[in-house]
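Descriptive analysis of the structure
Chain by chain, the residues:
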Amino acid sequence: MCGIVGFTGNVPAVPILLDGLERLEYRGYDSAGVAVVSPGRGLQIQKCKGRLQALRDRLEALPPLEGTVGIGHTRWATHGEPNDVNSHPHVSQSGRVAIVHNGIIENYVEIKDFLLHKGVKFRSDTDSEVIAQLLDYYFDSCADPLDAVYAVLSRLEGAYALGILCADRPDMLIAARKDAPLLLGYGDKESFIASDATAIIAHTRDVAYMADGEVAVLTRAGIQVFDEYRRPIEKEHHFIEWDVSAAEKGGYAHFMFKEIMEQPEALRQTISPRLKDGQVVFEELNMTAEDVGRFKRIFIVACGSSYHVGMVGKYNLEKLMRAPVEVALASEFRYSAPLVDENTLVIVISQSGETLDTMAALREAKSLGARILSIVNVVGSSIARESDDVLYTWAGPEIAVATTKAYSTQLVLLTMLGLWMGRCLGRVADGEYAAVVSELQVLPDKLGEILSGTDIYQYLASLYFNQDCIFYIGRNLDYALGLEGSLKLKEISYIHSESYAAGELKHGTISLIEPGTLVMSLATYDPLLDKAVSNIVEVKSRGAEVVALTTEDHRQRLEAIASHVLTIPRTHPALQPNLGVVPLQLFAYYIALHRGCDIDKPKNLAKSVTVE
Ligand code: M6R
C-alpha cells in the first residue's frame, strides 16, 4: 500500500525522504515522488512511475531540490493507472499546495464535479488530486492554512493519511489522518511523519500514533496536534524498542529468508514473557476468567495468512476449550450481518494492525456489542488501539510481503490463548496443560533444528520449480497448515496452487491429478496418519509426485510410499503446525528463488492492505 514520509528540520529534506521511502518499499508500490518547499523557491516536485531507483536517477540528472521541509510518497495504484502523472505528490492548479495521500476518497467524483464547475483543471485520474485542488480553493477564503485544512477534511469521505505542503508557508508541514496509518516522529530540532516507524527509525525512536480526526502541524520548533474540533492535544509518546538493524537485511539476500531465520527468536520473545512457573500468564489482558465464562460465541476474524492462523486456531481452541469457535474472513464477516452480541468474543488477528477489512470487521463486531481481543504485531496500530484487549506478537518488524515470523508468532500466541481460556473454563486436563506448556518451552529450539539444514529444500526446489500447479493436501491441523503453505508458494513464486482437505479429494479434486502433478502431502497430525498414508497412495496411483511432510518418527513409513519425505521434530499436536510451516516456507522461498522472482516484493501485492 502507499507509503508516506515527511520531514521538517535544518538539513536537506530529499535524502531523508528518499531513505524513508526506500524503507517503505516493502509495503508495495508502483511509483514514487517527493516534494520540498523552501523560501523563495516555493514547491519543487519530482515523481515518476516505477521503482525508487527511477526517481533517484531522475533527481540526480536535475538540479537538486532544495528545501528542509518535504514530503515523499510511494503509490500503489487504486484510482488511475500507474504513471508519472498519477504519482504523488499532487499539486494544485495554482501550484500553491502539494499533497501526498494514502487511502481512498470515496466522494471524489462529487468534489471533482464541484471544482470543475469552478473552472479547476485536473491533471491526473486519481481520487487524491481533489484534495490538493480543494485545499487550494479554500486557501482563497481562509487566512490560515489550518482553516483550509479543516474545511477540506470536513468534506472528505473515505480514508486518508495526508502530508500537506503550502508554498506560502515554507516552514510548515501539515498532516492529517482518518482510517489510514500515520505516525509522528520527534527528533532533535526535526520532526517527521511516516506511514510506519521503519521509515524514520534511523532518525528517531520517539513516536506518537495519530488517531482518526487528528491534524498535526510540524515545524522546526516541534509538533502541535489538534483533535477533530481543533482543540490542541498532548500525544502519548512511544519508544520503538527495535533499532534500525531489525529493518535491514543484515547480509541476507532477502528479507523473507532473514525473517524465516528469525523465527526461533521471535517465538522466544512471544512465548517467554507469558510463561511463568509452568503457567500461561497474560498480564496485559483485562479479561478475567469470569468474562471467559460469559462468552456464548467465539469468532476468529482475519485476512490472508492471519486467517490461516485462525483456521489452525479453530481446531486447537475447540479441543482445548471444548467450545465452538467460528473462523471468518474479515471481508466476508463485515457484510454478513454476523450473529454477534455482548456475549460474543471476537478474536481479531493482524500483523500490521491496519488491514482495512479486518478493521471494518472489528468495528462491526464492536458496534454489535462484542468484546474484541486482538493479536497484533505492530504496536500502536489502529486495530490494537480499537480493541478491548491486545496481545502483541513480539516478532519485530516484518518487511517481506510474504509473512513468516508474524504467522508463527500469531499461531503460538493463539494456541496459548486457547490454553489459557481452556483453563479459565476448567476444561483442560492438568496433564494436557502441562504437556503443551512443556513443549512451548522447547518450541523455539525445535524450530531452530529445522532451520539448521536447508539443502533438502533447495534440492526439491531445483526439481520442481517448473511445475504449473502444486497441490497441498492434509487433514485437520494439516489441512489448515496446507492453506498457508499453498498461499506462501503462490504469492512469491506465481505458481498456481490449491490446498484441499485430503478427505475431499474423492469429491472432485482428484480429477486434477495427472502423471507428474506435484502433491505436497502434509502428514504431521499423528491421529490421522493412516488416513494421510491412504491419500498419498491414492494420488501416487494416479501418477502424482508426492513430497510428504511428517514427523521424524514416521520417516520410514512415508519413505516407502512418497517420492520425497521432509521431516520435522515431534511436538504436542497443538503446536505441530508451528514446526510444519517452516519447511513449507523454505520450499516456497527456494522455488521462487529458482524462478528468479522478486521474493520480497511480489507483483501486485502490498504488505499492508489498507484499501478494500
Ligand atoms: O497485516 P495483516 O495480518 O492483517 O495482513 C493480512 C494479509 O494481508 C496477510 O496475511 C497476507 O495474506 C500475507 N502477506 C501473506 O503472506
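Below is a short write-up of the structure.

Calculation rules
Residues numbered from 1 in each chain as written. Predicted model: local features only at pLDDT ≥ 70, side-chain atom pairs only at ≥ 80, totals over all residues. Heavy atoms only, no water. Buried < 20%, exposed > 50% of the residue type's maximum accessible area, 1.4 Å probe, protein only. Helix = DSSP H or I, 4+ residues; strand = E, 2+ residues; numbered from the N terminus. Pairing = 2+ DSSP bridges. Expected span 1.5 Å × (residues − 1). Contact = heavy atoms within 4.5 Å. 1 Å grid on protein atoms, 1.4 Å probe; cavity = no way out; pocket = protein on both sides within 12 Å on 5 of 7 lines; lining within 4 Å. Points joined across faces, edges and corners; volume = space filled by probe spheres on them. Nonpolar A, V, L, I, M, F, W, Y, C, P; charged D, E, K, R; others polar. Phe/Tyr/Trp six-rings, centres within 6.5 Å; stacked < 30°, edge-to-face > 60°. Lys NZ or Arg CZ within 6 Å of the ring centre and 35° of its normal. Near = heavy atom within 4 Å. Polar contact = N/O pair within 3.5 Å; in protein donor to acceptor, adjacent residues only side chain to side chain. Areas by Shrake-Rupley, 256 points an atom, 1.4 Å probe, with all protein chains shown as cover. Sits in = over half its atoms within 2 Å of the grid points. Domains from an automatic or database assignment. Salt bridge = Lys/Arg side-chain N within 4 Å of Asp/Glu carboxyl O. Core = buried A, V, L, I, M, F, W, Y, C linked by side-chain atoms within 4.5 Å. Disulfide = S-S within 2.5 Å. Axes fitted to C-alpha atoms, helices over the stretch in contact; angles between N-to-C directions. Left-handed = near helix turned anticlockwise from the far one by under 90°.

Glancing now at the pairing of strand β9 (residues 183-186). Neither face of β9 is exposed, since L183 and G185 on one face and L184 and Y186 on the opposite face are all buried. Linking two consecutive strands that pair antiparallel, namely β9 and strand β10 (residues 191-194), is a turn of four residues; a positive phi of about 60° is found at K189 within it. Of the pairings in the sheet, the one linking β9 to strand β11 (residues 206-209) comprises three bridges and is antiparallel in character. Pairing of G185 across the sheet is with V207, part of β11.

In this structure, G213 sits in the loop between β11 and β12 (215-219). Measuring from C-alpha to C-alpha, the distance between G213 and M520 comes to 49 Å, with 307 residues separating the pair along the chain.

A few words on helix α17 (residues 529-540). With twelve residues, α17 should reach 16 Å at 1.5 Å per residue; the first-to-last C-alpha distance of 16 Å fits that figure. Buried residues belonging to α17 abut β23 (469-474), β25 (518-523), β26 (545-551) and α18 (555-559).

Attention shifts here to the layout of surface pockets. There is about 840 Å³ of room inside the largest pocket. Lining the largest pocket we find 42 residues, and of these W242, N377, V378, G396 and P397 sit closest to its centre. At the level of elements, β15 (238-239) and α7 (263-271) are the ones that each hand at least two residues to the lining of the largest pocket. Element by element, the count of residues in the lining of the largest pocket is highest for α7, at three residues. In the lining of the largest pocket, the residues fall into 18 nonpolar, twelve polar and twelve charged.

It is worth spelling out the packing of aromatic side chains at this point. Each pair of aromatic rings is reported with the distance of its centres and the angle of its planes. All told, the structure shown has eleven aromatic pairs when counted by the stated rule. Measuring from ring centre to ring centre gives 5.9 Å for Y252 and F257, while their planes differ by 55°; the resulting arrangement is tilted. Centre to centre, the rings of Y392 and W394 are 5.5 Å apart; their planes meet at 40°, and the pair counts as tilted. Since its relative accessible area comes to 18%, Y392 is described here as buried. In this structure W394 comes out as partly exposed when scored by relative accessible area, which is 37%. Taken together, the ring pairs connect Y252, F257, Y589 and Y590 into an aromatic cluster. Above the ring of F122, the side-chain terminus of K112 is found at 5.0 Å from the ring centroid. In this structure, K603 packs its charged tip against the face of Y494, placed 4.3 Å from the ring centre.

Glancing now at the site of the ligand. Around the ligand, the structure places 14 residues, and the nearest of them are S306, S350, S352, T355 and E491. Between the ligand and S352 there is a distance of 2.7 Å, counted from an oxygen atom to a side-chain nitrogen or oxygen. In the model, an oxygen atom of the ligand is placed 2.9 Å from a nitrogen or oxygen of the K488 side chain. Its free accessible area being 410 Å², the ligand has 91% of it covered by the protein chains. Mapping the ligand onto the cavity grids shows that it belongs to the second largest pocket. A breakdown of the residues in the shell around the ligand according to their chemical character gives four nonpolar, eight polar and two charged. When residues of the shell around the ligand are assigned to domains, at least three fall in each of domain 2 (250-450) and domain 3 (455-594).

For the rest of this paragraph, the subject is the pattern of salt bridges. Evaluated as defined, the whole model comprises 39 salt bridges. Where E262 meets K405, a salt bridge forms, and the shortest distance between an N and an O atom there is 2.7 Å. Here E262, found in the loop between α6 (255-261) and α7, pairs with K405, found in helix α13 (residues 405-424); they are 143 residues apart in sequence, far enough to count as distant. Residue E262 is classed as partly exposed on the basis of its relative accessible area, which comes to 22%.

This part covers the nonpolar core. Ranked by size, the top nonpolar core spans 91 residues in total, and within it I347, L417 and M421 carry the most contacts. Sort the elements by how many residues they give to this core and helix α19 (residues 576-594) lands first, with eleven residues. Looking at this core, you find at least three residues from each of domain 2 (250-450) and domain 3 (455-594). In this structure L417 touches F282, L285, I347, L373 and L391, once residues within four positions along its chain are discounted.

All right, on to the state of the cysteines then. A full pass over the atoms with the stated rule returns zero disulfides. Of all cysteine sulfurs in the structure, the one in C166 sits closest to C142, which takes part in no disulfide; the separation is 11 Å. With no disulfide of its own, C597 lies 16 Å from the sulfur of C469, the closest cysteine sulfur. When its relative accessible area of 14% is taken as the criterion, C597 is described as buried.

For helix α1 (residues 13-24), which comprises twelve residues, the first-to-last C-alpha distance of 16 Å matches the rise-based estimate of 16 Å (1.5 Å per residue) to within 8%. In terms of burial, α1 is largely enclosed, as nine of its twelve residues are buried. Here α1 has its buried residues at A13, V14, I16, L17, L18, G20, L21, R23 and L24. Along its buried surface, α1 packs onto β1 (3-8), β2 (31-38), α2 (52-60), β4 (69-75) and β10.

This paragraph deals with the side chain of H572. Take H572: it is sitting in the loop between β27 (564-568) and α19. Within the structure, the side chain of H572 is placed 3.5 Å from the side chain of E432, a separation counted as a polar contact. Setting aside residues up to four positions removed in sequence, H572 forms contacts with E432, A435, V436 and E439.

Here the focus is the packing of α7 against α13. Contact pair α7 / α13: the axes reach a minimum separation of 9 Å and the direction vectors enclose 30°. As α7 packs across α13, the resulting crossing turns out to be right-handed. Within the contact between the two elements, α7 uses Q263, A266, L267, T270 and I271 and α13 uses K405, S408, T409, V412, L413 and M416. Each residue belonging to the contact of α7 with α13 can be placed in one class, and the counts come to six nonpolar, four polar and one charged.

This next bit is on empty space enclosed by the protein. Throughout the structure, instances matching the rule amount to two cavities of 30 Å³ or more. The calculated volume of the largest cavity comes to roughly 100 Å³. Lining the largest cavity are 14 residues, and of these C2, R75, W76, T78 and G103 sit closest to its centre. Class assignment for the residues of the lining of the largest cavity results in four nonpolar, eight polar and two charged. Within this model, the second largest cavity holds a volume of roughly 60 Å³. As for the second largest cavity, its lining consists of 13 residues, and the residues nearest its centre are G474, R475, L522, L528 and A532. Elements with a contribution of two residues or more to the lining of the second largest cavity: β23, β25 and α17.

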